[in-house]
Structures are given as C-alpha cells and as structure tokens.
Amino acid sequence: MSGRTTTEVREDGTVPGEQPLDDAVAAESGAEPDRGGLGSATPDRIMRRGFGLLGRGIREQKLLFTISAVGSVLFGAMTVADAWVLGWATDNVIRPSFAAGEVTTGALWVAVLLFISVALLRALGVIARRLIGGIVYYRLVATYRRKVTRKYLVLPMSWHHRHPTGQLLSNANADVEAAWAVFMPLPMAVGVIAMLAAALVAMLEADVVLTLVGLVVFPALFGINVFYQRWLSPKAARAQALRGDLSAVAHESFDGAMVVKSLGREADETERFARATDELRDANIEVGRIRSIFDPLLEALPNLGVLLVIILGVGRVASGAAEPGDVVQVAYLFTVVAFPVRAIGWVLGELPRSVVGWDRVESVLSSQGQMPYGDRELSGQGPARLELRDVAYRFDDADRDVLSGFDLDVPAGSVTALVGSTGSGKSTVTTLLSRLVDPTHGRVLLDGVDLRDLTHAAVADAVAVVPQGTFLFDDTVRENVALGTDVDDEAVWAALRTVQADAFVARLPKGLDTQLGERGTTLSGGQRQRLALARALVRRPRLLVMDDATSAVDPEVEQRILRAFAERTRGAGGTGPTVLVVAYRKATIALADDVVLLESGRIVERGTHTELTERSERYRDLVDAYDQAREARS
Amino acid sequence: MSAASGTTDVSLPGVTTVREGGFTVVRRGLALSPSIRVGLPFTILLAVLSTAGGAVVPVLIQRTIDAGLADGGDLTVSDVADTLTVALVLVLLTAVVAYWMRVRLFIASERGLAELRVTAFRHVHDLSMLTQNAERRGALVSRVTSDVDQVSIFLQMTGIMIVLSLGQMAVATVIMAFYSWQLTLVVWFCFLPLVVSLKYFASRLSRAYDRVRRTVGEMLAVVAEPVVGASVVRAHAIEDRTQSRVDGGIQGNLDANVRAQKLVAVTFASAGLAGGLANAGAVAAGVLLGVAGNLSIGTVIAFAFLVGLLVGPAQMATQVLTEAQNAVASWRRVIELLDTPADVVDPGAAGQSLPDEVLGARFEHVRFAYPDGPVVLDDVDVEIAPRQRVAVVGETGSGKTTFAKLLTRLMDPVEGTVRLGETDIAQVSFDELRRHVLMVPQEGFLFDATLRENLRYGRDGATDADLVTTIEDLGLEDWYASLPAGLDTRVGQRGESLSAGERQLVALVRSALADPDFLVLDEATSAVDPQTELRATRALEKLLDGRTSVTIAHRLSTAENADRVLVFDAGRLVEDGPHDDLVDAGGVYARLHASWVAQASLGGIDPA
C-alpha cells in the first residue's frame, strides 16, 4: 500500500486495465467474435461511421485540410503531368532531334522547363500534403486531448471512480491518436484519387486501347490493396493483442520478483514468458507471410502492366493509331502511379482502428454530469465546526448504503478519531467532507453552512483532506506543496517542519527546487505522505481530514507530527484546524478528544477512548487486535 | 507517429553502459540471436537479386524503342518477343525471389528475437536490481517488450529497406553506366546535393525526434494528473492550474511534432525535385549526345525510367537513417542489459549440498555496500542457532533489510562470509539453498491465476489434498471455507481480488508448502482487519514452529516474543540479546521500545 507509485503509466506506454485497441478492432471486424464487445458491427457500418469521422475531422480543420488536399491534388496532377511531359518530349524533342540529326533547340528548352516546373510544383504539393496534412493530424490529436482532459476535470469524482485509471489514460492518449490516425494517409489518398482521374484523362488522350490496360491494372491494384488490408488487419490485431499479453506477463513476473526469487521459480517463469513469446512470434510470422505475398505482388503488377502496354502499344503505333510518345507516357504512368495508390489501402485499413478509438473518446466527451457549486463564502476564521445530519451514501450501481442515518458533530477546535474495520465507511465520510462526492441523503454542514451552498474555492480553502495514497505532481517540491497558491518559501518550510519533512527535503539535491514525480526524484512512501500533509497545512485549512494519512510514516515520527497537530489545534488561541482523523494505530486514537466507532456505515459507539475501552467490547476487539493476537501466542 | 511510440531512454542503475557504434551493436546483436544469422547471407543475396526486377522496365523500354518503335513504322510484337519473354520471366522471377527473401527474413528474425526476449527475460530475474529498485521495473519490462519490437521493425522494415534501396540504386546506376557514363554523371550530379546533405538532415531529424520523444514523456506525465490525481485536484480546487499544465504539455508535444514534420516534408520533397532536375538534365544531355551519335534514342527515354528508381530511395533516406538510429539504440539497450553481469552467481551443479537438518546461520565480518554507494552494513559478526527465533529491529536505513537479503542470497556481501551451518552459502546451488531457506516478503504478491496455482508456487506438483492439508495445518480452514470457489478462486491482478490480509494468508500457506528449515520474514506493516490479523498471527506461529527464523520486526509483540533481538543502527549491529535484557540496557532498543509502548498504550493507559 505504502509504495504506491505516482501514476500507473508504465514506461512502455501500456497501462493496467487498458484494453488493447486492436483487440477491439479484431472483435469489431469479427475476427474473434468470442472476445465480445463490438462484435455486432458489420464492416459496412464501420466504414460508414469511419467516413462520418473523416467528415468531422475535416470540418474541425477545414482550412488546413483544404490546403493539404489541394497540395495533394497538385502532387497527383503533377505526377501524371511528369509522364505527359516525358511523352511530349519523346514525340516533340527526342524523336525529331534523332530523326533530323540535330537538336530542336526551342522544343528542348520547353521540355527542360516543363520537367523542372512540374518537379517544382510537385515538390510544393508534397510539402503541402505532408507538412500541412501532418499539422492537421497533430492539431486534431492536441484538440481532442485537451477536450478529453478538460472533461476529466469537470466530471464528478463518482464518474472517475467508475472508470479504471488505465482506461482513462488510454482514452486521452492512445485512443485519441488512434481516432485521428487515419488523417495521416488521408491527404495522400485524396491526391491519389485526383491522380487516378488525371491519369485516366491522360491515357484516354494518348490512346483508348492502352487506357484499357490502365482500367484493368489500376482497379486490380486498388482491389488487391483492399483485400490485403482486410486480410492483414485481424492478424495484425491479434499480434498486437499478444504483444499486450506478453507485456502483462513480463510486468507481473518482474513485480513478483521477490516471490519468484525466494521460491526459486525463475525457470518456470521463464517458461511462462517463453510460451507468450512463442505465440507472439508465430503471430508475427503469420503477419509476415501475408506481407511477403502482397508486397512483391504489388510491385510486380505495374511492371506486368508495362509489358502489356508495350505488347499492345507496338501494334497501335504500327497501325498509326498512337504515337510512340503515347506508349512511353502510359508506361511511365504505370511506374509512378503504382506506389501512391497504396494510400487508399492505408486509409481503409486504418478506418476500423480509428472508429474504435473515436468511440472511446466519444464516450468520455458525451459523459454527463459535473459537481455543481454554490455561491456562498464562509465568514469565520480559525477552526470550523463540522456537522453531518442524517447522511446516507450509496455508490452508483450498489444495492445498499455505505453510510446511513449518519449524524456527527465535531466541535470547532477538537480532534476526533474515526475508527472501524475495513468497509465500515470511514473513507466514504472523508470523501464527503471535501465534496469529492455528495451524500445521497442528508447534509454536511461547515460552521452551519451546507457544503453544497459554498463556492468551490470556499470548500477547498476551508477543508483539506489528506488521503492514504499520495499523488505527487511532476513538479518541484515547492510546487507540490504550494500547488499554485501564493505562499512564500518560509511558509512552505514551516509546513515541512511541522510534518517533520524539513530535514529530508533539505538533503534533496536541489532542496525545494528538486523535481519530483514520475520522472523526478523517488521518495519513500512515508516521505510522500509527509509532503501531502504539508500540502494540506500550508493552505491553513479550518478543517483537516486525515484518512490514514500517516500509515507509511515511522511510528516515532508519526507521533511527533500528530502531537504537533494536536497542540496547534488545542493550544492557547487554538489557531490550528479542527481535526478529523481516520485511525488504525492506537497512539493516533489516543490523541483524540473524541472517538467515533463505525460499523457497517453507522455510528455504534462514541466517547473518549477510556470510556469506550471500558464500555464497549466491539471497540476493545477492534483496537486491541494486536494485543489479542499476542495473548493467543503465549 | 513512429517516433511518438518509441521507448523512453531510461538508463538503469548498475547496467553496464559502454557506448558502442551502430555496426558493433548490430554485429553483437546478431551474435546474441543465432537464429537470425541462419542463412542470413543467402537472404541478403535474395534481397539484392530481387532489386533486379526494377531494371526490367527501363531496359524493356530502351530495347523496344531502339528496335523500331520510335520510328513509328513497322515494328511488330514478334520482333520484340524475346525481350518481352525475358522481361516477363524476370518480373515473375524477381517477385518470387522477393517473396522468398521476405518469408525467410520474417521467420529468421522473429525466431531470433523470440530467443533474445527469453534470454533477456531470464537475465533480468538474475539481476538484483529487480528486487532493489521497484521504480525501474517498468524500464526492465520495456527491454524485453518494446525494445525488442523496435529491433524487429528494424530488421523487417528499415533494415531490409536499406538493403533494397542500396540494391536498387546500385542496379540503376550500373545500368545507367552501361548505357552512358556521361548521362550517369548528369543524373548523379542532380542527386549530389541530397547525398551530401543527408547526414546533416538525418542528424537534425534525429534531434527533432528526440525532442518529440521527450515531449511525449512530459505530456504523458501531466495528462495523468487530472486522472490519477483527480481527487487532489478536486479537493484543492486547482482545476485551472492543472488544465494549463496539461495544455502546456500538449502544446509542447504538438510543436515538437510539427517541427519534425517540417524536416520530413522538406527532405521528401527535395528528392522529387532532384528527380525532376535529373530528368530534364538527362533528356537535354541525352539529345545532345544522341544527335552526336553517341546514344540511341531508347537509351535517352530509358533514363527517365532509371531516374525513377533513384527517387524512391532518396525520398526515404533521411527517415530510414533516423529510424535505424532509434532501432540501434533499442538494440543497444537490450545488449547492455545482457552485458550486465548477474551479481549473485549460482554455483549450480558444482555447488555444495546442505545437511538434511534444521540449520543455524553465521555472519562472519560481513560488510555490504552498493556499487559506488555508501556502506549499508559494516562488520556484522553474529551466529544464529538452529531453531532460534530472531527478531531484527532498527529504523529505516539501519541495514536490517540488507541483513535479511544477505541471508537469502538476494545479494552477496562485499566482504566476509555468510554461512548456513558450516557451509558458505555462496557455494550452495540455488536449488539446494531454496530448499532450506525461504524469504517471505512483506507484501503477499500473488499472480493473476487461481488460488491453487498461486499455492503451487510453493511446491510444484502439490495435489489439492496437499494444499488443503497445509491450509488446515495452519489453522486457516474457516477462512478457506469462506472462499467462494475454494482452490479455483481467482485472485485477480496482483491478487487484488483478495484483501491485503488474505494475500498475506496465501503467502503463508505458500511458504508452508515450500517447507523450508529456515524462514526469513519481512513483517507486514499495512493495516488489515483484526480478524484476519489474528488468523495470520496464529498461522505464522504454526509455520515458525520447529524452524529457524529471522523476522524483520515492525511490531513490539514480534520482538517481545522472539528468543533474541538483533538491533541495527546505521549499518551496524549495535545490540544483541533477549527483549527484557535490551530494555534494561537503556540503549537504542530501549528507545524504540519506549516509542512502541507509547503507541500500544493509549493515552498512558497500559493495555496489559
């Protein structure tokens, strides 16, 4: 528990609880219907929805997409023009010059100029297509990442609790990228369509019979590409899913290294990993076999087309129906058009993945709900009074209340301990106090004001909740404590001193400026908890709620911290906050003025520790568990 | 996109890092994966042969035109039948060769990389950093997953593309030179600026992609904040601040991607431009030379087709080089991992065996320090008698955990010897050692499988009856009866379907099945509900019965109940004796004890 890491994102980008995208694609394309999920969708429906997605993206980036499409059309047209120039040069420069035995200078200059102009325009088209087209994709990704993360900040905590962390991270990252990935090859595909149209015109203008060859070869290229993608996608998806499985095996095995090592299971673990590796290897080889067939086939096809053009062309030229330049032009067209045609296959291959990615992004964006805040501010100063009136709470989808008929008074300036066994509802109480969730029934009042009537800032200023697990931001120590509030270093140090964290922070390489978080300095569980406490203190809250917030702190240090808290709260003047503490350790309980015992979401006992020890067997059972265990030994 | 999904370059502490050149890495990488090398020269030969297919069309065009097509006259198909037949055969043949080459390459590389993965995986389990540095486990996982995937992409796509591109360029150049050296010079002159600037652009692109990767890491970290830190953000009302951090991360990544994309677009476009210039140059020079009688008309036209063979490789060159660098970096990381020597060496079959009796242990002037790190344990000299129950106490960083790890050979001392009975444990094979000594870690880590499979981790091949008997021996039958599916109960990822306390129970049963003589326990600190706590305590009591044990104690009761307490402070064994004596001695232990008592007794009331 104590060693919980900042985030659950793993270095290789996979996240626990994340469903591999390709799994869903495989399910959607019906490759493995037993995986369930989106199995009912037909390929046609996916294509229709895919085109809808294309429309949405194009509307979002209308101007830039148009520029990239125009650039791509320019590229397509210039590719065809290149072949036309070669044909023209053949008939108007090369042949006449060779026939006459002297250079037809004017025409030669025109040909050179044409070649260079076409190349320049084509280069312009390529830049527009690749650069602007790339910007369209990156902007779409950035836009939707912002939308998704904004939504995360608005959606209530109850929504967050319903969704696994891994899934939400993957929605904002991999899924957003997948949704728009189709926009990478899209401009190229648009240009290819223009190119094919232009090629058809150029061929028709050259010779009708030779055009027929084109009418066979281009659709064949297109058809083979589509067939290729359809055949490849489920296999590639399977390989991707197996890659996820392999990663899961490695993660688990390394996480459990201590067990593996101490029980001498290295060989068995290696065998388990080898089995996953072999499956992935075989799946990859299967993908490789398909690619091995199609790539050479797609390369050979245009060459065969050229052979056919020559065979027919020789006859057409002999009969005077076509010029030699026409044959050269059509042959050249085959060689330059063949590769770009694949872009259409890429788009069609990418669409199902994009649709699945978009569906996941959509489900976040269309989620309803947010926490409504009131407009009142709290007037008083110093420790606040807390009251819970007939509070009930029930999780969504649950069939019984976690808390019910819950009434609690915590006088201003007191220290109250909340005790109870696992699942008794202690943590739920703490989440109600900072309005991470609202009660399903009843009211939570701070100095007599319902929390729901207060502004968000008023709640945040007045109440600080320190949870057991500590989240550190990818930021400096100072910022992790201050969190954007306007406090000076002296205040930060003072808070750190109170939680006995000043010494270790001072020893960090850059002190307050030391970078923490996923990619920064690693802190122990106890150190992290102490920073979380400092984070709460520096904001001078009027109610401090600790949910087993010192579980990883050394007992001795914990005692010093808690005593300091209690003194500030109860000392002369009572400037410290009212404290509500969820406690497991006896010493913590001992510091409280008042102890509240919870059982199944209800308060069953209340009093000082001494009273409860004398009066309640349940209470003694709970807090004396260790002692009981000790007696059982002897 | 390819750059964005690249792996993060995280260096691992203790991993050998000798920067080797790209070729050395490839050579060593191939040596580590023997299956890749099987028939590799032949595969490369096939690859080069397959590029010959590209030459068919230009030559065919030249021959047809020179046979009389250009004259527009009376050329018939039968006049060029031989050429056409040869061309057809060549096109088909090269397609078949290309297919053959690819299949061979896929099979060989996948087999070789599968071996590499498994070797690396096994090696990771031999590295002590795995159990020492939990934070870096993710990096180790990516060594056997995404890093190897990168190598696979390199071998099957980038690497072969380099071979094919070079082959195609060579074939085109040879045919050009055969036709006309002058035109060849003209064409290459047009491509020269590209060739010269290749290195410059490749290094700029490489830096641009580095930047992209860095921004991806930064972005992922801040994007996680509204999710993983949702409750903190909400509780402190720092939504705006969080959003602006997230937006910053996203924008930084966007900018880096666009910057890289600019370079890609420019290098890609300039290759096409060079091709256009080459065509213009070849036609102009060709006509001039042809009129002078040095060239045939077919040759001039064929050059346009030959130039086309150069454009493709030139377009891709910059990107291919950049991707190759990334792949080599991944390969290097895997090799570095394998180069890191296993710090604890298994003597294997050559090892000594331990006598079949309950053994004690002896530390002889043991010292431990991490490489380049401070001394963690210094001059520890202590003997533990058979069946003695020892508690080890001390503050965090006192060296008590290191003491336990040395005892189980998770690490080796820098100086001194650890003995079991009379035998140096470094001389005992792992198999033998683990039959006698078992470490029970603090967290009861479980694998995502059934309870049965998790218990069998302790003893392979144990029958269901064995498992149930052991559960009963530990007095856990009522807990076992409460499990919905008995031994078939699935424990979930990391055992999370069970409570922390239940995971500890499973770990205890697992240890009992392993049936060691000597137990080393890291006591759990996490709070569990009282009932489970009581069960665990009783089960542990039964497990320890008749065995030698060393427990890293976090609780007063454990130390109190031990036969003997070892107290560590700042890497030294400072006190040694039974609980009562040490309390009376008024030293480090007495101080720790006082603080424990403060906790255990509530508000000054003594529970006892």
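Residues numbered from 1 in each chain as written. Chains lettered and ligands numbered in written order. Predicted model: local features only at pLDDT ≥ 70, side-chain atom pairs only at ≥ 80, totals over all residues.

The subject of this paragraph is the confidence of the model for chain B. Residues and elements named next belong to chain B. Chain-level pLDDT for chain B is 84 on average; 91% of the residues reach the 70-or-more range. This stretch, residues 1-10, has a pLDDT under 50; its non-local contacts, to residues over four places away or in other chains, come to 23 contacts. In the model, residues 602-608 has pLDDT below 50 throughout and makes 12 contacts with residues more than four positions away in sequence or in other chains. (pLDDT = per-residue confidence, 0-100. Contact = placed C-beta atoms within 7 Å.)

The subject of this paragraph is the nonpolar core. Ranked by internal contacts, the top residues of the largest apolar core, which has 278 residues, are L333 of chain A together with V283 of chain B. For this core, the leading source of residues is helix α4 (residues 105-154) of chain A, giving 23 residues. Ignoring sequence-local partners within four residues, the contact set of V283 of chain B consists of A89, V93, I94, A111 and F115 of chain A together with V300 of chain B. Ranked by size, the runner-up nonpolar core spans 112 residues in total, among them I425, A512, L521 and L543 of chain B. (Core = buried A, V, L, I, M, F, W, Y, C linked by C-beta atoms within 7 Å. Buried ≥ 20, exposed ≤ 12 C-beta atoms within 10 Å, placed from the backbone. Helix = DSSP H or I, 4+ residues; strand = E, 2+ residues; numbered from the N terminus.)

Residue and element names in this part refer to chain B. Among the structural elements, L377 can be located in strand β2 (residues 375-384). For L377 and T401, which are 24 residues apart along the polypeptide, the C-alpha to C-alpha distance reads 10.0 Å. Setting aside its immediate chain neighbours within four residues, L377 contacts V366, R367, F368, G399, T402, F403 and G571.

Attention now moves to unusual backbone geometry. In the Ramachandran plot, R435 of chain A falls in the positive-phi region, its phi being about 60 degrees despite a non-glycine side chain. Residue position: R435 of chain A is located in the loop between α13 (426-433) and β4 (441-446). Residue classification places R435 of chain A among the buried positions, given that 23 C-beta atoms sit within 10 Å. Residues other than glycine seldom take positive phi values, yet A237 of chain B does so here, at roughly 50 degrees. Mapped onto the elements, A237 of chain B comes out in the loop between α11 (230-235) and α12 (239-291).

This part covers helix α1 (residues 22-32) of chain B. Residue and element names in this part refer to chain B. Listing the buried residues of α1 in full gives V25, V26 and G29. Buried residues along α1 cover an arc of 95 degrees about the axis, so they all sit on one side. Exposed positions of α1 whose direction lies more than 90 degrees from the buried face are F23, R27 and A31. Looking at the buried residues of α1, the elements they touch are α8 (146-179) and α13 (297-339). (Arc of directions from axis to C-beta.)

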